Amino acid sequence: MAIALIAFASRDRELVRATVAQLTERFLRLDGAAQLRALVRLGDQDYFWDTVDEAMAERFQAPRGTFDVLPAESAARARIYAAAAGIFARAGYQRLETPVFEDTEVFARGVGGSTDIVRKEMFTFEDKGERSLTLRPEGTASICRAYLEHGMHKLPQPVKLWYLSAYFRRERPQKGRFRQFWQLGVEAIGSDEPAVDAE
């Protein structure tokens, strides 16, 4: 029915063929009231599009405390990534990517069960097997878990690792603080030499 009504609103059949899939998808996502508002003035294409766009903007937004990285910002991020990768490679660091979520115990032990991060700021949920999982709130605990799990302690020490990933904290969003954020970090594990810390 939506396809027929949209086709009726346009005299240009090629335009309808080219846009009907897009229009239908957008139209069907609207709630009933928004669909009615769009159909009331179906003969006016501009009104239809404005109504659909307005309803979509009201209904679908990035969750509070998150943001989209738009194409214009992606180039700058890519330059930062490339510069960091080059600097870390020259210093002997290798990139390690860990899962976006871990067993909750990884952070409770690694960060400390009495810290604000663990007590107040973690996004924790249960999977279907009733295991407690948490979206990673910081990088170090996951890096240490991977170091132990994959036997990196048997490699020449220190093992130098770096990461650039999304992290999540359930805190009140405010200027400069988000619930999802990107963090770049380095870890040199397996040495108690002060020079490693200084590096």
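Residues numbered from 1 in each chain as written. Predicted model: local features only at pLDDT ≥ 70, side-chain atom pairs only at ≥ 80, totals over all residues. Heavy atoms only, no water.

Draft legend 1. Spatial organisation of the overall build of the protein chain. On a plain count of helices and strands, the protein chain comes out with nine helices and six strands. When burial is assessed residue by residue, the protein chain has 35% of its 199 residues classed as buried. Long-range contacts, defined as pairs at least 24 residues apart, comprise 62% of the intrachain contacts of the protein chain with a sequence gap of at least 6. (Helix = DSSP H or I, 4+ residues; strand = E, 2+ residues; numbered from the N terminus. Buried < 20%, exposed > 50% of the residue type's maximum accessible area, 1.4 Å probe, protein only. Contact = heavy atoms within 4.5 Å.)

Draft legend 2. Just the sheet that holds strand β2 (residues 101-103), in detail. Strands sit in the order β2-β4-β3 across an open sheet of three strands; the sheet is antiparallel. Whereas interior strands pair on both sides, the edge strands pair on one side only; in this sheet they are β2 and β3 (124-126). Between one strand axis and the next, the sheet turns by 35° as a mean value, whatever way the strands run. Pairing of β2 with strand β4 (residues 132-135), which is carried by three bridges, proceeds in the antiparallel orientation. (Pairing = 2+ DSSP bridges. Axes fitted to C-alpha atoms, helices over the stretch in contact; angles between N-to-C directions.)

Draft legend 3. Region of the structure containing the side chain of Thr-104. Following the sequence through the fold, Thr-104 ends up in helix α6 (residues 104-111). With sequence-adjacent residues up to four places away left out, Thr-104 is seen in contact with Met-122, Thr-124, Ser-132, Leu-133 and Thr-134.

Draft legend 4. Structural view of the side chain of Glu-138. Structurally, Glu-138 can be placed in the loop between β4 and α8 (140-149). Separated by 2.9 Å, the side chain of Glu-138 and the backbone nitrogen of Thr-140 make a polar contact. A distance of 2.9 Å separates the side chain of Glu-138 from the backbone nitrogen of Ala-141, its partner in a polar contact. (Polar contact = N/O pair within 3.5 Å; in protein donor to acceptor, adjacent residues only side chain to side chain.)

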